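This is what each chain is made of:
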Amino acid sequence: MSSTPFSLYIPRDSGMHRLHPLTKLALVGFALILGLFLPGDWLTYLAFVLVILPLAAWAGILPRFLPAVLKTALPIVVSLFLVQGLFWPGGTPIFHLGPLSLKQEGVTFAIRSAGRFIMVISSFLLLTFTTRPDGLMLALSRHGVPNSIAYVMLATLQIVPRFQAKANTILDAQRSRGLETEGNLFIRLRALFPLIQPLLLGSIVDIEERAIALEVRAFGRAGPKTSLLMLHDTPAQRVVRWLLLLASLAIIGWRVYLGLAA
Amino acid sequence: MERLKRDFSTISLVMIPVAIAINIAIGQLVYTLKLPLYLDSIGTIFVGAVAGPWVGALTGLLSNLIWGLSGLNPAYTAYAPVGMIVGLLAGIFSQLGWFKVWWRAIIAGVITGLVAALISAPIYTYVSGGVTGSGTDVITAVFRNAGFGILPSAFAQGVSSDPLDKAISFFVVWLVVRGLPLRFLDRFSRAEDLR
Amino acid sequence: MIQLTNVTYSYPRAETPALHDLSLQIPAGQFCAVIGANGAGKSTLCATLAGFVPHFYRGKLSGTAKVAGIDIAGSSLAELAGTVGLVFSNPFNQITGARFTVREEVAFGLENMGVPPAEMAPRIDEMLRFARLSEQADQSPYALSGGQQQRLAIASVLVMRPKVLVLDEPTSQLDPIGSREVFSVLRDLAATDEATVFLAEQKLEWVAAFADRVLVLHQGRLVADGPPAEILASPTLSQYGLEPTRYTQAARAALGAGFRPQHPDLPVTLEQAVEFFR
């Protein structure tokens, strides 16, 4: 049975890793705002090089971070250039490919969208790779996020790998019993139901016991809760978080001033 | 308020991680079987049906957040509002008693799919330039070629897959609910809406 | 410490009550075991002592049930959590899932009770030593064996210092080695004389080894109550769907074959069997 949580966190002893989870969240939030609100076609790429890459390098995770970004971005970027580049209605052709042609406007749009998308996914990946999920949830629950949400997030990370394993076991078992999982669409669709049933019903029976186990451990108790895990915060980081928030608001303000189409 | 507290009981909170794990496990199973569907919200719809729209909405929201933040598919995080709406609608249709009859569950699924397409289209348009990176982008291309804007084309792409996908998902949840012992359904706050 | 007066309980939608007019007093420090066939009401009784009957399962409870002076029906699960600890059969489902290491898993209950972090660490270390899990402290709870997970469940509950520990067939889903590990922890617990323990169990040899007192449940009714040597050697045991320990069975067979022991008392433990056959 798998005991690794469903998370791509990479433990490292870096300055980035040691930051308070909220500081990391603020950094990633700022990067996300840059991706979503920077105007023009190329500024997001500049932000990727000047903000995301240095942070990933500081965290010592570049060799695993870059392939992950590429793997996620590639299908979207390829699709973008194909769909919007080749089929832009009434665009100016710049390059002919048989009956199709690449349009100037489509390519510009694809470049702009790809930059935005890459910033969005690399921000999230940066957070995932450098932040312990339990530390992040603890920081959030200290700042008003309900404890139950923290429970749900962390429990999910540990349950998912077990369900993936269970799903594969059920798939193999059904196949060895002669269930057809290849063939036409209808056959494959019909194969799905015997797979879903044991997965859902089997786990539903366990839910009662898991709820009882939580109640026994005073999960439902009101009043202040404490934590074994310690978070280290510094006044400097608090200042940085406020500055990042202001900078994010400034970027949004700038974009609104320029107009959303800019 | 009292109702909300009952909805968010410990057993509902324990159900949410399981539901999200079901979303992800079945979503990947469907992918393995190379079906032109997602079926990645069956857990969310189940929670909406048994624990009401608010718990359903939370499940959908967290499902996308976690799926995205786990690093498997970071873009999912951006579509969290879609997951939220699916859970919310499943809860509302359950309140209306639409999970009691199979064909009503299917209609509820179709409506939910249409709403999901409506909400995801602007997100796709802004975050990923109107494409999804999957095979259904062909539909976007056809609509673009016919002179439609990016947003309508993205919506057309959604309409081509979401209503069918959600109709099947709602039907599966109807089947599951029908197969559950009453003793278990009784644990949830919305049992009386279901059977 | 535990006081039941005319307790009758029916699950929702059930026709017959699961517990029938139960009255019972258990003093502090006693290690009390309840035995009975499947469906006799052992689990329901455990759930009642921990407050899950009626607060979780709903249904209809009459009579009064008090633990450590607290009226069960009149309080909530959150109030009872620190007072009564419950451990049940499935070790896997008792892991909260919200913590990544064994140490943090033990901390979970203390965190919810708001115990200061400085006080938490020594309590957790002591408990991990008691449950023989110190070496596993930094592992994932999911990486442990079934027996280790069950000891973790016991440690996680005991660390909250409950007045009463209720164990509902804690080894029924474990292999023999895992069961023995769990029982050796329970034996240590029985030896302290401070803990009030209520154990539902099918393995009568273990019950004989360290219970101070044995109750027999049959179809929701309390049908016998006394010291282990008396109850477990009683010929009526089989009437309630229970099989005597192998020591008792061997002694009976020997008596039937004409063996005349010096002490006529039927043995229920290994030590007593040695005496019997001397």
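What counts and what doesn't
- Residues numbered from 1 in each chain as written.
- Chains lettered and ligands numbered in written order.
- Predicted model: local features only at pLDDT ≥ 70, side-chain atom pairs only at ≥ 80, totals over all residues.
- Heavy atoms only, no water.
- Helix = DSSP H or I, 4+ residues; strand = E, 2+ residues; numbered from the N terminus.
- Buried < 20%, exposed > 50% of the residue type's maximum accessible area, 1.4 Å probe, protein only.
- Contact = heavy atoms within 4.5 Å.
- Pairing = 2+ DSSP bridges.
- Phe/Tyr/Trp six-rings, centres within 6.5 Å; stacked < 30°, edge-to-face > 60°.
- Buried area = accessible area lost by both parts, 1.4 Å probe.
- Salt bridge = Lys/Arg side-chain N within 4 Å of Asp/Glu carboxyl O.
- Polar contact = N/O pair within 3.5 Å; in protein donor to acceptor, adjacent residues only side chain to side chain.
- Nonpolar A, V, L, I, M, F, W, Y, C, P; charged D, E, K, R; others polar.
- Domains from an automatic or database assignment.
- Patch = residues over 30% accessible without salt bridge, like charges linked within 9 Å, V, L, I, M, F, W, Y side chains within 5 Å.
- Areas by Shrake-Rupley, 256 points an atom, 1.4 Å probe, with all protein chains shown as cover.
- Axes fitted to C-alpha atoms, helices over the stretch in contact; angles between N-to-C directions.
- Parallel < 35°, antiparallel > 145°, perpendicular 65-115°, else oblique.
- Left-handed = near helix turned anticlockwise from the far one by under 90°.
- Expected span 1.5 Å × (residues − 1).
- Bend = angle between axes of the 7 residues up to and from the residue.

Draft legend 1. Highlighting the overall build of chain B. Each helix and strand in chain B was counted, giving eight helices and zero strands. Secondary structure elements of chain B occur, N-terminal to C-terminal, as α-α-α-α-α-α-α-α. Along the longest, intermediate and shortest principal axes, the C-alpha atoms of chain B span 55 × 35 × 35 Å. Taken across its 195 residues, chain B has 64% of its residues classed as buried. In chain B, once contacts between residues fewer than 6 apart in sequence are set aside, the share between residues at least 24 apart is 69%.

Draft legend 2. Structural context of the sheet that holds strand β4 (residues 60-67) of chain C. All names here are of chain C. As summarised here, the arrangement of the four strands in space is β2-β1-β4-β5, forming an open sheet in which the pairing is antiparallel. Of all strands in the sheet, those bounded by a partner on one side alone are β2 (19-26) and β5 (70-71). As paired strands, strand β1 (residues 2-10) and β2 are joined by five bridges and run antiparallel to one another. Paired with Y9 across the two strands is L19, which belongs to β2.

Draft legend 3. The arrangement of the packing of aromatic side chains in detail. Inspection of every chain in the model, using the stated rule, returns 22 aromatic pairs over all chains. Taken together, a centroid distance of 5.7 Å and an interplanar angle of 20° make the contact between F171(B) and W174(B) stacked. Remark: W174(B) and F171(B) occur in helix α7 (residues 150-179); sequence separation between them is three residues, near one turn of the helix. Where Y9(C) meets Y11(C), the ring centres are 5.0 Å apart and the plane angle is 75°; that geometry is what we call edge-to-face. These aromatic residues form a ring-pair network of at least three members: Y9(C), Y11(C), F52(C), F56(C) and Y57(C).

Draft legend 4. Quick look at the interface of chain C and chain B. Counting residues at the interface gives four residues for chain C, matched by four residues for chain B. Between chain C and chain B, the buried area comes to about 490 Å², and carbon and sulfur atoms account for 40% of it. Where chain C packs against chain B, one counts one salt bridge. Close ionic contact of R13(C) with D186(B) constitutes a salt bridge, the shortest N to O distance being 2.7 Å. At the boundary of chain C with chain B, the tally comes to two residue pairs in polar contact (both at pLDDT 80 or more). For the side of chain C that touches chain B, the class distribution of residues is two nonpolar, no polar and two charged.

Draft legend 5. The side chain of R99(C), seen in detail. Among the secondary structure elements, R99(C) is positioned in the loop between β6 (84-87) and α4 (102-113). In terms of polar contacts, R99(C) uses its side chain to reach the side chain of E111(C), at 2.8 Å. If we ignore the near neighbours within four places in the chain, the residues touching R99(C) are L154(A), Q158(A), E104(C), E105(C), F108(C), E111(C) and P141(C).

Draft legend 6. Quick look at the pattern of salt bridges. Applying the stated criterion across every chain, the model contains 21 salt bridges over all chains. Ionic pairing is found between R187(B) and E208(A), a salt bridge with its closest N-O pair at 3.0 Å. Here the residue R187(B) occupies a position in the segment after α8 (182-185), and E208(A) occupies one in helix α8 (residues 185-216), the pair thus bridging two chains. The same class applies to R187(B) as to E208(A), namely buried. Here the salt bridges do not stand alone but share partners, grouping R132(A), D134(A) and E104(C) into one network.

Draft legend 7. Region of the structure containing the domain arrangement of chain C. Residue and element names in this part refer to chain C. Per the domain assignment, the segments making up chain C are domain 1 (2-244) and domain 2 (245-278). Using only C-alpha atoms to locate each centre, domain 1 and domain 2 end up separated by 31 Å. Residue-level contacts link 12 residues of domain 1 with 10 residues of domain 2. Of the roughly 830 Å² buried between domain 1 and domain 2 on both sides combined, carbon and sulfur atoms contribute 60%. Contact with domain 2 buries surface across domain 1, with E205, A233 and P244 losing the most and accounting together for 63% of the total. Where domain 1 meets domain 2, there are one salt bridge. Measuring nitrogen to oxygen at the nearest pair gives 3.1 Å for the salt bridge that ties R246 to E205. Every element with two or more residues in the side of domain 1 that touches domain 2 is listed here: α8 (204-210) and α9 (228-232). Sort the elements by how many residues they give to the side of domain 1 that touches domain 2 and α8 lands first, with four residues.

Draft legend 8. Inspection of the interface of chain B and chain A at higher detail. Facing 62 residues of chain B, the contacting portion of chain A comprises 59 residues. Summing both partners gives a buried area of about 5600 Å² for chain B against chain A, and 79% of it is carried by carbon and sulfur. When the area that chain B buries against chain A is broken down by residue, the three leading residues are L33(B), Y126(B) and R144(B), summing to 12%. Between chain B and chain A we count one salt bridge in total. Where chain B meets chain A, there are 10 residue pairs in polar contact (both at pLDDT 80 or more). Breaking the side of chain B that touches chain A down by element, the ones donating at least two residues are α2 (10-32), α3 (42-69), α5 (102-128), α6 (137-145), α7 and α8 of chain B. Looking at the side of chain B that touches chain A, the element that brings in the most residues is α2(B), giving 18 residues. Residue composition of the side of chain B that touches chain A, grouped by class: 41 nonpolar, 16 polar and five charged.

Draft legend 9. Spatial organisation of a nonpolar patch on the surface. Residue and element names in this part refer to chain A. On the surface, a nonpolar cluster with roughly 650 Å² of combined accessible area is contributed by V239, W242, L243, L245, L246 and L249. Checked against the element boundaries, L243 lands in helix α9 (residues 235-258). Taking the relative accessible area as the measure of exposure, L243 reaches 52% and is therefore exposed.

Draft legend 10. Layout of the packing of α8(A) against α7(B). Between α8(A) and α7(B), whose axes approach to 11 Å, the crossing angle comes to 50°. With respect to each other, α8(A) and α7(B) are oriented oblique. As for how α8(A) packs across α7(B), the hand of that crossing is right-handed. Facing α8(A), whose interface residues are L189(A), F193(A), I196(A), L200(A), L201(A) and I204(A), α7(B) presents I168(B), V172(B), L175(B) and V176(B). A per-class count over the contact of α8(A) with α7(B) returns 10 nonpolar, no polar and no charged.

Draft legend 11. Region of the structure containing α8(A). Its 32 residues place the ends of α8(A) 47 Å apart at the C-alpha level, agreeing with the 46 Å of an ideal helix rising 1.5 Å per residue. At I207(A), α8(A) shows its maximal bend, which comes to roughly 30°.

Draft legend 12. The arrangement of the environment of I24(B) in detail. Position of I24(B) relative to the elements: it lies in helix α2. In this structure I24(B) comes out as buried when scored by relative accessible area, which is 0%. When neighbours within four sequence positions are excluded, I24(B) is seen to be in contact with F6(A), V160(A), Q164(A) and W67(B).

Draft legend 13. Just the sheet that holds strand β7 (residues 164-168) of chain C, in detail. Residues and elements named next belong to chain C. Taking strand neighbours across the sheet as the criterion, the six strands line up as β6-β7-β8-β3-β9-β10 in an open arrangement whose pairing is mixed. Only two strands of the sheet have a single neighbouring strand rather than two, namely β6 and β10 (221-226). Each strand of the sheet is rotated relative to its neighbour by a mean of 20°, with strand direction disregarded. The sheet contact formed by strand β3 (residues 31-35) and strand β8 (residues 196-200) spans four bridges and is parallel. From the neighbouring strand, A33 faces β8, where its bridge partner is L199.

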